[in-house]
Structure formats: structure tokens, C-alpha cells
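Below, each chain spelled out in residue letters.
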Amino acid sequence: MAEANAWQGTVTLPVGYPDEQGNLLREVHLRKMTGKEEAILADAQLRQNGGKLISALLASCITGIEGMDKVGPQVARRLYSADRNYLLLELRRLTFGDQMEAHYRCPRCQSSTAVDEDLSTLEVRRIDDNAAATLEIRVTLKDGYKDNEGHWHHEFVFGLPTGEDEEVAAGRRDSNAARQRDALMARCLRQVGTLDPRKVQAMGVRILADLSMVDRRAIQKALDAAAPGPDMTRTVECKGCGDEFRTSLDMSQFFPLG
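This is a predicted model, so every value here is computed, not measured.

### A few points about the overall build of the chain
Check the secondary structure of the chain and you find eight helices and 13 strands. Taking 2.2 N^0.38 as the reference for a compact globule, 258 residues should give roughly 18 Å; the C-alpha atoms of the chain span a radius of gyration of 20 Å, in line with that estimate. Dimensions of the chain, computed from the C-alpha atoms along their principal axes, are close to 60 × 55 × 35 Å. Taking all 258 residues of the chain together, 43% fall into the buried category. Considering only intrachain contacts with a sequence separation of at least 6, the fraction spanning at least 24 residues in the chain is 61%. Surface summary for the chain: the accessible area is close to 14,100 Å², and the carbon and sulfur share equals 46%. Separation between the mean location of the 34 positive side-chain charges and that of the 39 negative ones in the chain comes to 5 Å.

The structure is reproduced here in C-alpha cells:
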């Protein structure tokens, strides 16, 4: 956080908000959470869609973006997911401080390990100031995708997800985690070899579902490695069996209620 006082702070986004001219606006002003945001977090309807909950929370706490006096839900929805995650992190730090007790369950013995996390130490990956607004992540697949005409395609191009993508993917009536992840990635899929972009847009989820597990893991690994924003991956030593395991930052206590 670049600067802060008891109630507000100014941060620089890892990517930036795209204005109408395609410029990336990166300076954001935040204020500390209040009872208004506590009510947003407790809203049963919003809690059914994590994307919409984040949009409402950020719209309420962002007081300005590089000269924009009014920041509503539509602006929050257009923010890249990397920036939304970063703003959630900074909002938590501004409101509750850097220290947080996190709990991680070992995949081997199922024991729970408590870790005192210092949120100020999380690495944040940022794009270069001269990067284009149309950010892309290119992935070359080993097995590839076979289209209806029998042609194979190995070059996939993804854009960065936004809040709108999160809301749409979270709004699917499907509790299957793999299919929800595919729904989000499909909204970001820009190119599949030489396929017509209209077909890619219409068939995105089916294309991803038809890929081999090796290729699906390669895509996820490439997206995780190239995506900007805070690095939420952690290495935890299990206090039960002593094994080390990789996991994501426990965000269950990011914004404690009550």
C-alpha cells in the first residue's frame, strides 16, 4: 500500500482498469470497511455468487480510480481478476492489519495446521507499464484439440479474466468445481489454432472438456505462472505427519464477521 491513514489508502494495481481509450488506470483509492460492508458480506443472496459479492464489496470501498469520482458495481465488474484479488488483499490489510491466522488441511493425513500469515509479505506480480491492454497468455498443448473436421489445434490463447467473467461462471447452476473452472476459462479463451473465433466462443466449455488431462494441467500451470496479481500459493509443513504440501492462502478469515 503506497500510502495510508486511519481510514483510507492508495494502491497501484498490478494490471489496471481499462478506460474507454484502452489506457490502463492503475492508481486506486480505498477506504476502510465499515458496517455497510459487513452487511454486504452477510447478504445471503450475494453469498450465492462470489463474483457478485466481490463486485459489491469493491464498489462500496473504492473511492476513486485516477480521477474517476464515481466507482459503481459496473466498474468493479470490469476490473481484471488479478486486480480484484489484489484489492481484496489490500482492503483486508487496511481494515484488519497484516497479521492473520490461517488454517490448512493436509491432503495426506487430514490434520489441520494453523499458520500465522503476514499478508504484507505476499509477492505481487505486476505487468510492465508498457504492456498492451489486451493481455494474452499463449499455451502450446502436447496432445491438442481435434475439431469436427478432423483437424488438430495445439496453440491456445487466453485473455485475463475479469469480474464479469467471475460473476457469470459463479452463476452457473453446477456445483462441480472442474466444470466451474472450465466455465471461467472458456470466457477467457480467445483463440484455438485456426478455428473461427465464433466457434471458439460458442464451444469454449466443450473444447476444454475434450482436452486430455495432461493438456488441461498444462493450461492451468501456464495460467498460474503468467497471471499477474498476488501470489496466494503457500508451502505448509503439516504438524500432524510432518509432510510439506502446496496449497492456496486460506481466505476464510479474510473478512471475519461478528
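Right, picking up where we left off after that structure.
### Here we look at helix H7 (residues 197–209)
With 13 residues, H7 should cover 18 Å at 1.5 Å per step; its first-to-last C-alpha distance of 18 Å lies within 8% of that length. Where H7 bends most, the angle comes to about 80°, and this point is Met203. When we look at burial in H7, the residues that qualify are Val200, Met203, Gly204, Ile207 and Leu208.

### Some details on the nonpolar core
By size, the foremost hydrophobic cluster in this structure holds 40 residues, and its most contacted members are Ile62, Ile65, Leu87, Leu249 and Phe255. Elements with a contribution of two residues or more to this core: strand E2 (8–18), strand E3 (24–31), helix H1 (35–42), helix H2 (50–61), strand E4 (62–65), helix H3 (73–78), helix H4 (81–96) and strand E5 (99–105). Setting aside residues no more than four positions away along its own chain, Ile62 makes contact with Val28, His29, Leu30, Val71, Leu79 and Leu87. Counting 26 residues, the second-largest nonpolar core is a separate cluster that includes Ala82, Leu160, Met185 and Ile207.

### Remarks on the side chain of Glu117
As for its position among the elements, Glu117 is in strand E6 (residues 112–118). Polar side-chain contacts of Glu117 include one of 2.7 Å to the side chain of Tyr104. A distance of 2.9 Å separates polar atoms of two side chains, one belonging to Glu117 and the other to Arg234. Discounting chain neighbours no more than four positions away, the residues touching Glu117 are Asp98, Gln99, Met100, Ala102, Tyr104, Arg234 and Leu249.

### With respect to the sheet that holds strand E8 (residues 136–146)
Two pairing modes exist for strands in a sheet, parallel and antiparallel, and in both the strands are linked by backbone hydrogen bonds. The strand order across the open sheet built from three strands is E8-E9-E10, with neighbouring strands paired in antiparallel fashion. Pairing within the sheet leaves two strands with one partner each, and these edge strands are E8 and strand E10 (189–192). Direction aside, the axes of adjacent strands within the sheet are offset by 25° on average. Those strands touched by helix H6 (residues 177–188) are strand E9 (152–159) and E10, and its axis lies near 75° from that of E10. Sheet contacts for H7: E8, E9 and E10; angle to E10, the most-contacted strand, approximately 85°.

### So, H2
With 12 residues, H2 should reach 16 Å at 1.5 Å per residue; the first-to-last C-alpha distance of 17 Å fits that figure. In terms of residue burial, H2 counts as a mostly covered element, since nine of its 12 residues are buried. Residues of H2 that are buried include every one of Gly51, Leu53, Ile54, Ser55, Leu57, Leu58, Ala59, Ser60 and Cys61, and no others. The secondary structure elements touched by the buried residues of H2 are E3, H1, E4, H3, H4 and helix H5 (163–170). Put simply, Asn49 is the residue that caps the front of H2, since its side-chain oxygen is 3.0 Å from the backbone nitrogen of Gly51.

Calculation notes
- Residues numbered from 1 in each chain as written.
- Predicted model: local features only at pLDDT ≥ 70, side-chain atom pairs only at ≥ 80, totals over all residues.
- Heavy atoms only, no water.
- Helix = DSSP H or I, 4+ residues; strand = E, 2+ residues; numbered from the N terminus.
- Rg over C-alpha atoms; globule rule 2.2 N^0.38 Å.
- Buried < 20%, exposed > 50% of the residue type's maximum accessible area, 1.4 Å probe, protein only.
- Contact = heavy atoms within 4.5 Å.
- Areas by Shrake-Rupley, 256 points an atom, 1.4 Å probe, with all protein chains shown as cover.
- Lys, Arg positive; Asp, Glu negative; His and termini not counted.
- Charge placed at Lys NZ, Arg CZ, Asp CG, Glu CD.
- Expected span 1.5 Å × (residues − 1).
- Bend = angle between axes of the 7 residues up to and from the residue.
- Core = buried A, V, L, I, M, F, W, Y, C linked by side-chain atoms within 4.5 Å.
- Polar contact = N/O pair within 3.5 Å; in protein donor to acceptor, adjacent residues only side chain to side chain.
- Pairing = 2+ DSSP bridges.
- Axes fitted to C-alpha atoms, helices over the stretch in contact; angles between N-to-C directions.

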